[in-house]
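A look at the structure
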Amino acid sequence: MASRGAILLGQCMPCIKKNASKIRIRRMELDKNLNMYFKKEEFFFAHDPEKVCKTGDIVLIRELPQRLTRLISHEIEKVVYPMGDITDPLTGKKVVVGKYRDQIEEANRLYGKSEKAFDYEKAPPRGRLEGTRDFTHGETYIKYHEDGKDQPFAV
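Residues numbered from 1 in each chain as written. Predicted model: local features only at pLDDT ≥ 70, side-chain atom pairs only at ≥ 80, totals over all residues. Heavy atoms only, no water.

1. Some words on the pattern of salt bridges
- Summed over the entire model, instances satisfying the criterion amount to nine salt bridges.
- In this structure, Arg 109 engages Glu 106 in a salt bridge whose closest nitrogen and oxygen atoms are separated by 2.5 Å. Taken together, the positions of Arg 109 and Glu 106, both in helix α1 (residues 101-111) and three residues apart, correspond to about one turn of that helix.
- What makes Arg 109 exposed here is its relative accessible area of 58%. (Salt bridge = Lys/Arg side-chain N within 4 Å of Asp/Glu carboxyl O. Helix = DSSP H or I, 4+ residues; strand = E, 2+ residues; numbered from the N terminus. Buried < 20%, exposed > 50% of the residue type's maximum accessible area, 1.4 Å probe, protein only.)

Structure (structure tokens):
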């Protein structure tokens, strides 16, 4: 459990609770027998009545002074990185695979741009394909049985 007033960085996961988001916090835990660190995941429910964060967003959460419900113990502070464009946290530059976009644009300027190359400047922001390919905005629910139908919002 986090200490009072602690700010945690985590990833938003699909959640069926109303006015809340499920946040996954990854930590490294030391195994003293092997003297090695292993990943440990903790899940917190954060108060999010405006549904600010979507599935896959990296968010900051802060512990509430008093729990709202039995499960909701934190609140969403802010969305640090929305899912989609990856930003290097040290430099603040956009990253594609292992290179900065500036480096890719410089190489395109020097050697000529391919006709098939993706243009990031003309790309629309996230949310354009809601309802057709992007289902992160939909209401999630628990799938109790397999009936053969497509259930894209089931958890």
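From this point, the discussion proceeds with the structure in view.
2. Considerations on the sheet that holds strand β7 (residues 94-96)
- One open sheet accounts for three strands, arranged β6-β7-β8; its pairing is antiparallel. Lying at the two open borders of the sheet, with one neighbouring strand each, are β6 (86-87) and β8 (99-100).
- In this sheet, β7 lies alongside β6 in antiparallel orientation, the contact comprising two bridges. Across the sheet, the residue bridging to Ile 86 is Val 95, located in β7. (Pairing = 2+ DSSP bridges.)

Read these as layout, nothing more, since geometry by itself doesn't imply function.
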